[in-house]
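Residues per chain are reported as follows:
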Amino acid sequence: LLKAEQLLGQWTASGTAGESFQMSLNQDLTYTWKYTKGQKTDALQGVFGVEQNNLALQVGDGSVLLAEVELQGDLLKFRVIGGDPDSPALTFHRGK
């Protein structure tokens, strides 16, 4: 079972359509999430939690992005729960 401490750090991933993702999971259980595609950038921030193999990112409006995650060293496979089942998981790489 994963613990929040195992996921702390700066994470980056690339999507299949040229988009990029940056996720920072902090010691105080806050996060920032940045999505960039071309000239368009969206950012989220809030608090996060981990239960078993699920990562919950609470958004400012109170909604929650829930993902199933699998940690393999400095790789994190991230699949949104309730998302398109044919969509591949994002693979985040932890920065040093």
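Every value quoted in this text rests on a predicted model; they were computed, and no experiment measured them.

J.: Would you mind showing me how to read the overall build of the protein chain here?
T.: Helix and strand content of the protein chain: one helix and eight strands. Ordered by position from N to C terminus, the α and β elements of the protein chain give α-β-β-β-β-β-β-β-β. Since a compact globule built from 96 residues should have a radius of gyration of about 12 Å, the 13 Å found for the protein chain is in line with a globular shape. Taking the principal axes of its C-alpha atoms as reference, the protein chain extends roughly 35 × 30 × 30 Å. Put simply, the protein chain has 96 residues, and 26% of those count as buried.

J.: I keep staring at the packing of aromatic side chains and nothing clicks. Help me out?
T.: The geometry of an aromatic ring pair comes down to the distance between the two centres and the angle between the two planes. If you walk through the whole model with that rule in mind, you get six aromatic pairs. Between F21 and Y35, the ring centres sit 5.2 Å apart and the planes meet at 55 degrees, which makes this aromatic pair tilted. Here the residue F21 occupies a position in strand β2 (residues 20-25), and Y35 occupies one in strand β3 (residues 30-37), the gap between them amounting to 14 residues. Residue classification places F21 among the buried positions, given a relative accessible area of 10%. Connected via pairs of aromatic rings, a cluster forms that spans F21, W33, Y35, F78 and F92.

J.: How should the side chain of E19 be read in this particular structure?
T.: Among the structural elements, E19 can be located in the loop between β1 (9-14) and β2. A polar contact is formed between the side chain of E19 and the backbone nitrogen of A17, at a distance of 2.8 Å. Setting aside residues up to four positions removed in sequence, E19 forms contacts with A13, S14, Y35, T36 and K37.

Quick notes on the rules
Residues numbered from 1 in each chain as written. Predicted model: local features only at pLDDT ≥ 70, side-chain atom pairs only at ≥ 80, totals over all residues. Heavy atoms only, no water. Helix = DSSP H or I, 4+ residues; strand = E, 2+ residues; numbered from the N terminus. Rg over C-alpha atoms; globule rule 2.2 N^0.38 Å. Buried < 20%, exposed > 50% of the residue type's maximum accessible area, 1.4 Å probe, protein only. Phe/Tyr/Trp six-rings, centres within 6.5 Å; stacked < 30°, edge-to-face > 60°. Polar contact = N/O pair within 3.5 Å; in protein donor to acceptor, adjacent residues only side chain to side chain. Contact = heavy atoms within 4.5 Å.

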